[in-house]
Amino acid sequence: MLRAGSSENVDVTTVRLSEVLSALSFVLDMVEGQPEGHVLRSCFIGMTIAERLQLSEEQRSALFYALLLKDAGCSSNAWKVTALFGADDFDVKKNVKTVNWSRLPRALRYVARTVSPDAAAWARARRFFAVGLEGPKAARELVKIRCERGAEISRQMGFPEETAAAIRNLDEHWNGAGHPDGLRGEEIPLLARICGLAQTVEVFYTAFGPVRAEEIARARRKEWFDPTLVDVFLVEARAGRLWESLGEPDLARSVSLMEPADRILVATSEWLDLTAHAFARIIDAKSPFTYRHSEGVARAAAKMTEHMGLPASVVHDQTRAGLLHDIGKLAISNRILDKPGPLTDEEFAKVKQHPRLTYEVLRRVAPFRGIAEVAANHHEKLDGSGYQRGISAEDLNLSSRILAVADVFDALSQERPYRPAMPMEKVLMILKKESGQKLSSECVEALEDLVSKDEL
Ligand SMILES: [Fe+2]
Ligand SMILES: [Fe+2]
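Procedures and definitions
Residues numbered from 1 in each chain as written. Chains lettered and ligands numbered in written order. Predicted model: local features only at pLDDT ≥ 70, side-chain atom pairs only at ≥ 80, totals over all residues. Helix = DSSP H or I, 4+ residues; strand = E, 2+ residues; numbered from the N terminus. Buried ≥ 20, exposed ≤ 12 C-beta atoms within 10 Å, placed from the backbone. Contact = placed C-beta atoms within 7 Å. Core = buried A, V, L, I, M, F, W, Y, C linked by C-beta atoms within 7 Å. Domains from an automatic or database assignment. Axes fitted to C-alpha atoms, helices over the stretch in contact; angles between N-to-C directions. Parallel < 35°, antiparallel > 145°, perpendicular 65-115°, else oblique. Left-handed = near helix turned anticlockwise from the far one by under 90°. Nonpolar A, V, L, I, M, F, W, Y, C, P; charged D, E, K, R; others polar.

It is worth spelling out the overall build of the protein at this point. Scanning the protein from N- to C-terminus turns up 23 helices and zero strands. The buried share of the protein, reckoned over its 456 residues, is 48%. Considering only residue pairs separated by 6 or more positions, the protein has 70% of its internal contacts joining residues 24 or more positions apart.

This is the structure:
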């Protein structure tokens, strides 16, 4: 019998939850169009300010996870960004944090540079006026979607309300001109004020260096930022080892050590499941056409694995692999993901890269290392015609074969930009046509059996 994929032995009792979230935060950086390490550096800056303010352990713990998850809602507005600007969501998001939306002429100049990069001049002009008209309202809406979604994810993971509120309000400004609610001064929760300052100075530090980061904090003191926090930050920036520390090779380790000692969260199996579900929601939110796809694949894969008599530990791994199999898709622009017509060769080449990225991301997360290969094999076919590696039957274990069938099953059952959702008979017909050649017949039969019993 074919061997099923198995977990590599990782002693989860020694892995901290923060290490898992830090490793996964690189994906969030990508979605935000930020250089790798943006979340980690923002976390280091924010926690440095919190230590200097002598916040309680409880507050620092809530802030720590707010900083690590601050961009958890980032994928949820990506498709709207693309729809509004007619441009790659990454390109728009990359620069949006350096633009002061409260100063309209500057914001419009930015919009003019960003919209519809490939379109004809008349189309660019039309888009320019549309974005210009909608600008302030649209910016508020985009921030609202992102912040509410991020806060909801932190709540669903079980973090305290302070963490959710910090994420919900991190784009509010001290002068009341921020988003989404226009809160002013101390109406904005303290932890949100710290997150907002930390993420902005990080963007300027990475893009233009420490001098510009300090300048922007000073320039937006009382405008965007709480003046007391700016003063604390500037003291740290000048006297402390802040900038030096940010350049250290193992920043993830330094960040992990900033978690309050009495409140260290260990990456238990429960936390890992919550994390996998949270990232599944982040992945699925990227495109309106992948709504609940990761959850659907996880459910189908787990049911099939169980039905085929594999042990509970493999069923558990298959659930996590299903939840995270498309994490690499977060690197694909919504201009490609949501395209209503056929993809060009170049666009399809980009799509084909996503399983490789899934593998690379999951290998970085020690407790998910064991599922990386199975998750990354979900587009491989028995006859070698799949992607990304083009491997064939002898290299595809039973777990990989199950996940591949579960992926096709869920994808066909859902609506896509280029076709409506398919009725179940048609889905099964397509699966049966590929059975034996491309997809494992044993797995397709298991799936059919479950569908006939109404269990899928
Ligand atoms: Fe995929
Ligand atoms: Fe998928």
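In this structure, the amide linkage connecting His179 to the following residue, Pro180, adopts the cis form with an omega of 5°. By the element assignment, Pro180 lies in the loop between α8 (161–168) and α9 (190–208). In this chain, Tyr387 is followed by Gln388 through a cis amide linkage whose omega measures 20°. Following the sequence through the fold, Gln388 ends up in the loop between α20 (369–376) and α21 (398–413). The phi dihedral of Lys222 is positive, around 70°, even though this residue is not glycine. We note that Asp454 has phi near 65°; this positive angle belongs to a residue other than glycine. Mapped onto the elements, Asp454 comes out in the segment after α23 (441–452). According to the C-beta neighbour criterion, Asp454 is exposed, with 6 such atoms within 10 Å.

Core analysis: the biggest nonpolar cluster contains 111 residues, and Leu63, Ala66, Ala166, Ala301, Leu324 and Val405 have the highest contact counts within it. Two domains each provide a minimum of three residues to this core, namely domain 1 (17–76 + 144–263) and domain 2 (269–452). The residues contacting Val405, other than those within four sequence positions of it, are Met304, Leu431, Leu439, Ser440, Cys443, Val444 and Leu447.

By secondary structure assignment, the location of Ala177 is in the loop between α8 and α9. On the basis of neighbour counts, which here come to 16 C-beta atoms within 10 Å, the residue Ala177 falls in the partly exposed class. Linking Ala177 and Trp224, residues 47 residues apart in sequence, is a C-alpha distance of 8.0 Å.

For the pair helix α22 (residues 424–434) and α23, interaxial distance at closest approach is 10 Å and the crossing angle is 165°. Classified by the angle their axes make, α22 and α23 are roughly antiparallel. Two packed elements cross with a definite hand, and for α22 against α23 that hand is left-handed. Contact residues: α22 offers Met424, Leu428, Leu431 and Lys432, while α23 offers Val444, Leu447, Glu448 and Val451.

It is worth spelling out the packing of helix α10 (residues 210–219) against helix α11 (residues 227–239) at this point. Axis separation between α10 and α11 bottoms out at 10 Å; the angle between their running directions is 160°. Classified by the interaxial angle, the pair formed by α10 and α11 is roughly antiparallel. In terms of crossing hand, the pair formed by α10 and α11 is left-handed. Taken together, the residues of α11 that come into contact with α10 (itself represented by Pro210, Glu214, Ala217 and Arg218) are Val230, Phe233, Leu234 and Ala237. When grouped by side-chain class, the residues that make up the contact of α10 with α11 number six nonpolar, no polar and two charged.

Next up on the list: α20. Among the eight residues in α20, six count as buried, and that is most of the element. Buried residues of α20: Ile371, Ala372, Glu373, Val374, Ala375 and Ala376, and no others. Buried residues along α20 sit in contact with α16 (312–324), α19 (354–364) and α21.

Take the environment of Leu428 next. Position of Leu428 among the secondary structure elements: in helix α22. Here Leu428 falls in the partly exposed class, since 19 other C-beta atoms lie within 10 Å of it. Expressed as a C-alpha distance, the spacing of Leu428 and Val451, which sit 23 residues apart in the sequence, is 9.2 Å. Apart from the residues within four sequence positions on either side, Leu428 is in contact with Glu448 and Val451.

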